[in-house]
Every structure is written in C-alpha cells, then in structure tokens.
Amino acid sequence: MSRRPAVRVREPKREGQEIVFVVAEDSLPLSHPARLLWTALGDFDLSAFVVDAKAVAHTAGRRVYSPRMMLTLWGYALSEGVVHARQIARLIHRDVTYRWIVGDVDVGRSRLSDFLGRHREALIDLLADVLGALMDAGLLWLPSHRLAQDGTKVRADAAIGSFRTAEGLADCRAQAELHLKAVLATMDEPPLSAREQEARERGAMDVLDRIKAATAAVAAVAAQRAASRDPKRTATAKGSTTDPDARLMRLTDGSIAPAHNVQFATLGDPAGGPVAIVGVRVTSAGNDKGSLRPMRATVGELTGHTPDEVLADPDHVTLDDLRLASAEGFTIVSRVPARWIPEGKGQDDVTRAWMQQVETEGSRAVYRGRKALAERPNAILKDTYRLDRLTVRGRERVECVAWLVAVMITLREHRKHWLN
C-alpha cells in the first residue's frame, strides 16, 4: 500500500509575531449607542478637558488622550453596567465596541481612573453645553415640563470599620506620623530606588492626610449635632480614614452603611418622553432637608433659567424653605410632612397657607407626576449603570461621577435629537 504524502499544514507562529485586531469604521451600525454617543459629543467643545495639557504644538511631551474618546468610553461602559476602570481596560482588548471606540490607542486602567476623577469643572461645562443645545432646539422648559428633585444614597467605597471616634483617630494619627518618619529616614536594606522611595512617601502622606481630614469631619459632625435640637442625635461622631467625606447613613434597605447623598434635579414631562438632568449636588447629609434652594441656584447657573416651581417629597421641605420660597416667588409642590399640623410649633400664616394649598386637588394632581421624573435618574444610576456602590473616594471625585452620569443620562434620553 502506497503511503499518502504528508499534508502541508500552516501552524500559527507566535514567537516574534504581533497580533493586531483591526476594527473597521463601519463595524458598528449607525444606531449603535457607542456611535451615537461619539457623534453627539462631537458637537461640543471639549477643550476644557485638556486645558492643563503640557504637550502642545512645538513642544516636547506625550500627546494626551482624546477627551471625546475617553467620554465615549466611560459613557458606553456605564450604559453596559461596567463601572471599574480595570474591567474597561480588559474589554478594550476583547470587545469589538470598545475596540472601535479607542481605535489604535491603548488605554490603561490608570488613565481611565485619572480621567474619571479630575474633570469636575469641565463636566459641568459640558452638561451646560448639552442643555444649551437642547434649549436652542426647543426641547427644554416646555409648558408641559416640570422640575422635580430627589436624592439617593449611594454606598461609598469604604467600610464601616474605617469609621473611628476622635480618640481613635488621634491614635491612628500618631501611628501614621511614626510611619512617615520611618519612610523619610530611608534606612531600607537594600536601598530603594528614587521612584520606589517617592511612591512610599506619597502613600504615607496620603494616609496621614486622610486621617487629618477624618478628624476635621468628626469635629464638624460633633458641632452640628451639638447645635441640633433633636434629642436622638446623641451618638458619638465618627469619621472614616478611607473616605473622610462619607457618612454613615440609613439606606433604603434599612441597613446603615458609609454613603454619599447624590441629588438630581430632573426636567421633563411627567406624562412621558425624554428627561434632562439640569442640576446635581453631592452632600454628606443623611437627609434632603434644606436642599431645595441650593439646587434651585445650581439649576439657574447651569441653564440660565431660574425655576419658579419644584416637585419634591416631604423629606425635602422645611419651614424656613417655605418662608423663603414665598418671599422669592418659588413654589414648592409636595405633601405635608408627617406630624405637621396648622397650629403646631413654629407655624405661621405662610406655612399654614402652604399646607392648605398642597392639599387641593390641583396641587395633588401636579404632585403625582413627581415620581415619574424624580426617581428616573436614580433608577438609571443604580439599575442601568450599576452604581449602587461608588468606585471612587472623596467628595470631588464623587461629584465628577455624578456630573458624568448627568451628562450621559441627558444624552441618552435625547439621543434622537443627535440621531437626526
């Protein structure tokens, strides 16, 4: 029997080879969310995101990453429920959509994390530009539109065990100062490189700075509780050494955990249709009392339109708010808070008139539209974007995330405007 000639087989060669993934421009359909986001962001001036860049024309330095690319990357990732920079970096190497967004650019998790927490003012300007474009198109502040406000507590990137009293923080500070002195002594054997030494010093200083910030937070909370007339607020003040801006709050599931209070002002038609986020605030307060007037000012600065009415749940309303709102011509549509009675302590003609007004059928009909507007961004934040727990620490970084979410929700809701 004759033997069959050997078949020539082409085996893959991996030694000294480069594997390249080529993603064509038309890999994504025109209606794909990533392409729509890329197209929408192309209509705005994003130079504020690179205002501090050192790599300018005719000078040495590495080129900065495109802010349009980074915003599209984060926006699309959030819409897919991806909130960690490390996970996005992995998806860039294996997902066609993420590869299409970055093209031939290799984006690491460090760059992604830095971008997320460094551009608060630029994100505010971007949201203002987005809202301005929608107003120019006649899509905002329509007669059918209402403004609603609500806050949601989002778990902080900290554990309950990181909260300590003033005495505990004093002990932590003494230990951190000793550690910093040991690091500055540079007595390691073998000696560290300059880069390693710098990293150790930076880490030791960061720990000490967070302990100092937590100590200041404890003092502020203690002073606030001392000035409070609520006899229940007698617990010992504590601060977190992980995220000093976080506070222990009671969440919707009844648990107590470190959290930030993220508040959105939402504009839209309660009967249906797209909504826009026209105001954002992040506070360390465990409730929303006293937040209506500051949010009104934020909306005015952002849109140039100071609202004359807001829909809010009773937890927002205070007697001082009602008196000041009456003097300013600002209408608060809500329900009468529990245990408020017309002849109760602190009531006057203004508050009694308000309580009578909000119980009318017309006011009740308007208030019924609150939930459709106010709770919509909260649902997107936690259910779609999966941000039921933050991945950043510190008030400034949390605000960056909140403003980014506001931009992305507004673009997402009005995507048909840019599709046309």
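Residues take numbers from 1 onward in each chain, read along the sequence in its written order. Per-residue local features are limited, in this predicted model, to residues with pLDDT of at least 70; the limit for side-chain atom pairs, both in listing and counting, is 80 or more; totals at the level of whole chains, interfaces and linings are taken over all residues. Processing note: side-chain calculations cover all non-hydrogen atoms of the structure and skip hydrogens and water entirely.

Colleague: What's the story with the overall build of the protein chain in this structure? I'm lost.
Modeller: Scanning the protein chain from N- to C-terminus turns up 15 helices and 8 strands. Pairs at least 24 apart in sequence give 70% of the contacts found in the protein chain among residues at least 6 apart. Every accessible area reported is derived by Shrake-Rupley at a probe size of 1.4 Å, with residue values counting cover from the shown protein chains alone. Counting every atom, the protein chain has about 23,800 Å² of accessible surface; 50% of that belongs to carbon and sulfur. For helices the rule is a DSSP run of H or I covering at least 4 residues; for strands it is a run of E covering at least 2, with both sets numbered from the N terminus onward. By definition, residues are in contact when any of their heavy atoms lie within 4.5 Å.

Colleague: How should the environment of Lys382 be read in this particular structure?
Modeller: Inspection of the secondary structure assignment puts Lys382 in helix α13 (residues 370–384). The cut-offs for exposure are 20% and 50% of the maximum accessible area for each residue type, with area from a 1.4 Å probe on protein chains only; residues under the lower value are buried, those over the upper are exposed, and the others partly exposed. Since its relative accessible area comes to 21%, Lys382 is described here as partly exposed. Spatially, the C-alpha atoms of Lys382 and Thr152 are 9.5 Å apart, while their sequence positions differ by 230 residues. Excluding residues that lie within four positions of it along the chain, Lys382 makes contacts with Thr152, Lys153, Val154, Leu387 and Asp388. Throughout this description, a polar contact denotes any pair of N or O atoms lying within 3.5 Å of each other; where both atoms belong to protein, one of them has to be capable of donating a hydrogen while the other can accept it, and for residues adjacent in sequence the pair is counted only when both atoms sit in side chains. Polar contacts involving the side chain of Lys382 include one to the side chain of Thr152, which spans 2.7 Å.

Colleague: Please explain unusual backbone geometry as it appears in this structure.
Modeller: In most cases, non-glycine residues show a negative phi, while peptide bonds are predominantly trans. The backbone phi angle of Trp141 is positive, close to 55°, even though this residue is not glycine. By relative accessible area, which is 21% here, Trp141 ends up partly exposed. Although it is not a glycine, Arg339 adopts a positive phi angle of roughly 75°.

Colleague: Honestly, the pattern of salt bridges in this entry has me stumped. Any pointers?
Modeller: Close approach of charged atoms allows side chains of opposite charge to pair. Criterion for a salt bridge: a side-chain nitrogen of Lys or Arg within 4 Å of a carboxyl oxygen of Asp or Glu. Tallied over the full model, the rule gives 18 salt bridges. Glu361 serves as the salt-bridge partner of Arg368, at 3.2 Å between the closest nitrogen and oxygen. Taking the relative accessible area as the measure of exposure, Arg368 reaches 56% and is therefore exposed. Taking relative accessible area as the criterion, Glu361 reaches 53% and is therefore assigned exposed. Within the structure, one salt-bridge network assembled from shared partners comprises Arg120, Glu121 and Glu399.

Colleague: Looking at this structure, I do not really get helix α7 (residues 166–185). What am I missing?
Modeller: An α-helix turns once every 3.6 residues. As a result, residues three or four positions apart point the same way. Between its terminal C-alpha atoms α7 stretches 29 Å, which fits the 28 Å expected from 20 residues at 1.5 Å a residue. Those residues of α7 lying buried are Leu169, Cys172, Ala176, Leu180 and Val183. One side of α7 carries all its buried residues, which in axial view fall inside an arc of 80°. Seen from the open side of α7, the exposed residues pointing more than 90 degrees away from its buried face are Glu167, Gln175, Leu178 and Lys181. In this structure, the buried residues of α7 make contact with β2 (163–164), α8 (194–227) and β3 (239–240). Expected helix span is computed as 1.5 Å times (number of residues minus one). Here the arc refers to the set of directions running from the helix axis out to each C-beta atom.

Colleague: So what exactly am I meant to see when it comes to the nonpolar core here?
Modeller: We call a set of buried residues a nonpolar core when its members are Ala, Val, Leu, Ile, Met, Phe, Trp, Tyr or Cys and they connect through side-chain atoms within 4.5 Å of each other. Core analysis: the biggest nonpolar cluster contains 84 residues, and Leu71 and Leu411 have the highest contact counts within it. With 12 residues, the top contributor of residues to this core is helix α14 (residues 395–413).

Colleague: Can you walk me through α14 in this structure?
Modeller: For α14, with 19 residues, the first-to-last C-alpha span of 27 Å sits near the 27 Å given by 1.5 Å per residue. Within α14, 15 of the 19 residues are buried, which leaves the element mostly enclosed by the surrounding structure.

Colleague: Mind showing me how you'd approach the packing of aromatic side chains here?
Modeller: Given two aromatic rings, their pairing is described by the distance between the two centres and the angle made by the two planes. In this analysis, rings of Phe, Tyr and Trp, with Trp reduced to its six-membered ring, are considered paired at centre separations within 6.5 Å, and the interplanar angle assigns stacked below 30 degrees, edge-to-face beyond 60, and tilted for intermediate values. Tallied over the full model, the rule gives 4 aromatic pairs. With centroids separated by 5.3 Å and ring planes inclined at 70°, the aromatic side chains of Tyr76 and Tyr98 adopt a geometry described as edge-to-face. Of this pair, Tyr76 sits in helix α2 (residues 67–79) while Tyr98 sits in helix α4 (residues 96–102), placing them 22 residues apart in sequence. Each member of the pair, Tyr76 together with Tyr98, is buried.

Colleague: Please explain the environment of Ala265 as it appears in this structure.
Modeller: With respect to the helices and strands, Ala265 occurs in strand β5 (residues 256–268). When residues no more than four places from it in sequence are discounted, the contact partners of Ala265 are Leu147, Ala148, Gln149, Ala276, Ile277, Val278, Gly279, Met295 and Val299.

Colleague: Explain the pairing of strand β6 (residues 275–283) here, please?
Modeller: Sheet faces and side chains relate simply in a regular strand, where the side chains alternate between the two faces. Counting buried positions along β6 gives 8 out of 9 residues, so the element sits mostly inside the fold. Strand pairing requires that DSSP identify at least two bridges connecting the strands. Where β5 lies against β6, 8 bridges are found, and the strand directions are antiparallel. Each residue of the ladder has a partner; that of Val262, found in β6, is Val282. Counting the residues that bridge the hairpin from β5 to β6 gives 6 residues, and of these Gly272 lies at a positive phi of roughly 135°.

Colleague: Please clarify how the pairing of strand β4 (residues 247–250) should be interpreted in this entry.
Modeller: Side-chain alternation along β4 places Arg247 and Met249 on a buried face and Leu248 and Arg250 on a face that remains uncovered. Turn length for the β4-β5 hairpin, with the two strands adjacent in sequence and antiparallel, is 5 residues, and the turn residue Gly254 shows positive phi of about 90°.

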